[in-house]
Amino acid sequence: MAQSHAQKKESDTDSLRNNLKGKGIVVDGRIEKKKVNPLAPSKAAFYSAILPGLGQIYNRRYWKVPIVYGAIGTGVYAYVYNDDLYDRFRSAFKRRRAGFTDDEFYDINGSGIVAGSPDLSDEALQDAQERYQRDRDLALLITIGLYAFNIIDANVDAHLKQFNVNDDLSLDVRPYLENHPITSAPNYGVAMVIKF
């Protein structure tokens, strides 16, 4: 029975070692190197290009997905909102120029006190139309920028996940002494040793 307990313990230790291999974790005093997938950054970028947030899921950065959808969703909402107002003011402006007085901005309050005079002038309709068109176009540019940022974030995050940060990386500064080969005069200095 004592042997089976020892065998079980050794088996558990071996399975733990096998699970830790390839993850850059110290096993028996050695650092096991993890394998690097050179296509991971391009896959993450491709996934984010197909569906925003999918590259973040591929990188296992789940907390970024609501931020991606919130940012892109806000941009899309601003575009739709400004496009709707642009269309309303544009159609009213076009009807006024055609000679109609039945648009939604002619008598906003419904007072009808002064017949023949609109609540919003033609110039006000044109200014509002141009403002909402400018805001709509700006919202579209910002949304496209956020979409591109989503792809860049997934790519950079995948690159950084492969960055080697184990204890083998070190910088050591040591005094340096070398004798000149002909004159045997000492040369003094500082040596920097980088291990990776």
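Scoring rules and cut-offs
Residues numbered from 1 in each chain as written. Predicted model: local features only at pLDDT ≥ 70, side-chain atom pairs only at ≥ 80, totals over all residues. Heavy atoms only, no water. Buried < 20%, exposed > 50% of the residue type's maximum accessible area, 1.4 Å probe, protein only. Helix = DSSP H or I, 4+ residues; strand = E, 2+ residues; numbered from the N terminus. Arc of directions from axis to C-beta. Contact = heavy atoms within 4.5 Å. Salt bridge = Lys/Arg side-chain N within 4 Å of Asp/Glu carboxyl O.

A.B. asks: Explain helix H2 (residues 40–50) here, please?
C.D. replies: Structural remark: α-helix, 3.6 residues per turn; residues separated by three or four positions point the same way. Those residues of H2 that fall on the buried side of the exposure criterion are Ala40, Pro41, Ala44, Ala45 and Ser48. Buried residues in H2, looked at end-on, bunch into an arc of 135 degrees, giving them a common side. At its buried positions, H2 is contacted by helix H3 (54–58) and helix H5 (122–161).

A.B. asks: Can you help me understand the pattern of salt bridges in this one?
C.D. replies: Close approach of charged atoms lets side chains of opposite charge pair. Using the criterion set out here, one finds 7 salt bridges in the structure. Among the ionic pairs, Arg61 bridges to Asp157, the shortest N-O distance being 2.9 Å. In this pair, Arg61 is assigned in the loop between H3 and helix H4 (64–97) and Asp157 in helix H5, connecting sequence segments 96 residues apart. The exposure class of Arg61 is partly exposed, given its relative accessible area of 30%. We note a salt bridge from Asp137 to Arg136, for which the minimum N-O separation is 3.3 Å. Classification of Arg136 by relative accessible area gives buried; the value is 14%. Beyond isolated ion pairs, a larger network of salt bridges with shared partners links Arg61, Lys64, Asp153 and Asp157.

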